[in-house]
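As a plain string of letters, each chain reads:
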Amino acid sequence: MRHIILGTAGHIDHGKSALVKALTGIDPDRLKEEKERGITIDLGFAYLEYPDGITVGIVDVPGHERLIKNMLAGAGGIDIVLLVVAADEGVMPQTREHLAICNLLKIKRGIIVVTKVDLVDEEWLSLVIDDIRNLTEETFLKDAPLITVSSKTGQNIELLQETIRKMALETPPKSTDGLFRLPVDRVFTMKGFGTVVTGTLLSGKIPVGDTVEILPGRIKTKVRGIQSHNIKVQEAFAGQRTALNLQGIEKEEIVRGDAVTLPGMMTPTFMLDASFHLLKDSPPLKNRTRIRLHIGTSEAIGRILILDRDEIAPGESSYIQLRVESPVIALSGDHFIIRRYSPLQTLGGGMILEPLAKKHKRGEEKILYGLKILEYGNLEEKFSYKINTSGVSGISLSNLRGWIDAENTAIKNALISLSNRGEIILIDKDDEIYLHIVVFNHLKDAVLSAIEIFHRENPLKPGMSKEGLKGIFKEGSIKVMNRVLYELERTGKISVEKELVRLSTFMVTLEERQDAIKEKILRAIMEGGTQPPMKEEMESTLNISHQNVADILKLLTRDGLIVRINDSLYFHVDVFNDVLNKLKEFFKQKKEITVAEFRDMINTSRKYAVPLIEYLDTTRVTLRVGDKRIPR
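Residues numbered from 1 in each chain as written. Predicted model: local features only at pLDDT ≥ 70, side-chain atom pairs only at ≥ 80, totals over all residues. Heavy atoms only, no water.

(A) Spatial organisation of the pairing of strand β15 (residues 241-246). β15 sits mainly inside the fold: six of its six residues count as buried. Every second residue of β15 is oriented toward a common face, with Arg241, Ala243 and Asn245 on one face and Thr242, Leu244 and Leu246 on the other, all of them buried. Inspection of the sheet shows strand β9 (residues 194-200) paired to β15 by five bridges, in the antiparallel sense. Bridge pairing links Gly199 to Thr242 in β15. Where strand β12 (residues 219-228) lies against β15, four bridges are found, and the strand directions are antiparallel. Paired with Gly225 across the strands is Asn245, a residue of β15. (Buried < 20%, exposed > 50% of the residue type's maximum accessible area, 1.4 Å probe, protein only. Helix = DSSP H or I, 4+ residues; strand = E, 2+ residues; numbered from the N terminus. Pairing = 2+ DSSP bridges.)

Below you can see the structure in the form of structure tokens.
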């Protein structure tokens, strides 16, 4: 099966809807007002099915200048356009505007159809055709087939059907390997079924029963049923006109312009960086002009900020930032149209480069260089730039999929290639988070510098705590920090001991004065026996600063000369071992011991006996049972 979307374009009353009906037998005008007034007001839909399995979904758009908004809602996802020009009127304003829009949206294939040929003579028809060819000379329709038809008499309708079939065969199908995206162009309630949304499935696929998310409202729901061209199916694919019956959701919760996609994949945005082309017949565009952004099926009001100049001249291209007042859904690579806020006029269009943009200064070379990469670079170059600018947080595979319009296979292959070249690093295998090598090296340098400064300021401390390093990583995860520490330790730059980190070349060295302090503290603890001075007492009785006492106690503990009972109490290792030996002998005579018995046995006071016996509990030497202890 091959699924292709064909859209009409052209001036009001040039016979677009009549042509669709002649081609398909389906009247695309579904509204009562449309039938009464004989004009298309909103999007209409029909389809052509060929015996060889080609299905062409048709989107019929209104031609009135006031309904360009509705026309644009149907223009996204079109593979082939039928530019319809009535023979009796020829090229008209909306002929030009619709053609310009299709050109800006980068539609690559089309057929020119001259309708109502039964109303004119050959000489007039020849003039109209010359006018059309002049109009399309510099567009994608330059060499397009031109077919003259009459929907009333049926003249050349079969020829047009066959021409559409041949062009559909030449059109590359949309990828089912991409992210599932369905911009909503219609919402209604079907009796007995509930809420139904329709749209052109831009990429990916969706089966019945899958959970989906409606953006920007972040509403999660399940797909109860799917139809394509009025036929119930179990799965819909890219390139199909698709209707989704959604579970447990009211019609009022969804509007045209919303998008249905996979949960957690895409992020609504108020700020987008883009490349932009101003039409030749538009007036110069000034910075901060109020505009209407049309992307997918949505319209958002906002302002356009010109990033590389003060004003865009007619026919020129530029880099811009779009700041909109309501959230839109977009991927890097999506095309858009800009219309003036008032009076309504199509100004130009372009391509979204960074859908999740941040504010930046105009003329900033670094930003403009990055936008060039996103516009002209290959997928690897774009990913390298995006991962680099994601900083210490890195970016996950799922976030990359929800950032750019590309196939899953192409995305994975690009990441593998960048990883193999050492340009990016897979930091987290579970969440598939990637970090750029430039950022990774910067983090390594920052960690080494922080540890070096710490050693210089704290020469008696054995190392810097991991907690103290977290500030370097800002919003980066603990996994990023651990990966950086692992790499530094693997290459012999640092040593990691539990929660402490030090340079591999660092050793605590005591100056002569500090060495004397160390001996004074160690002697005081040893002479204190089972009643050593508390840390606070040492500061006052030995006249040593709090920081020096703390640092040297840690140093003596690390060297195994003393045993830390708690933050205030330390025993000399020989005294502590003597306590253990006495306790061992005691348990040979009795199966249990009280605190009082323990106190008397080691000839100390309750002030020391209680924390010491509790320490023995925590180190699994003894086990507390009620008010007594038994050996482990």
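(B) The arrangement of helix α11 (residues 437-457) in detail. An ideal rise of 1.5 Å per residue puts 30 Å on 21 residues; α11 measures up with 30 Å between its terminal C-alpha atoms. When α11 is considered as a whole, its buried residues turn out to be Val439, Phe440, Leu443, Lys444, Val447, Leu448, Ala450, Ile451, Phe454 and His455. (Expected span 1.5 Å × (residues − 1).)

(C) Structural context of the sheet that holds strand β26 (residues 424-428). Sheet architecture is open: three strands sit in the order β25-β27-β26, paired in antiparallel fashion. Edge positions in the open sheet fall to β25 (395-396) and β26, since each of these has one partner strand only. Pairing analysis gives two bridges linking β25 to strand β27 (residues 433-436), with the strands arranged antiparallel. Across the sheet, Ile395 pairs through a bridge with Tyr434, a residue of β27. Where helix α8 (residues 379-389) meets the sheet, it contacts β25, β26 and β27, and its direction lies at approximately 90 degrees from that of β27. Along the sheet face, α11 touches β26 and β27 and points at about 75 degrees away from the line of β27. (Contact = heavy atoms within 4.5 Å. Axes fitted to C-alpha atoms, helices over the stretch in contact; angles between N-to-C directions.)

In short, geometric facts, not functional conclusions.
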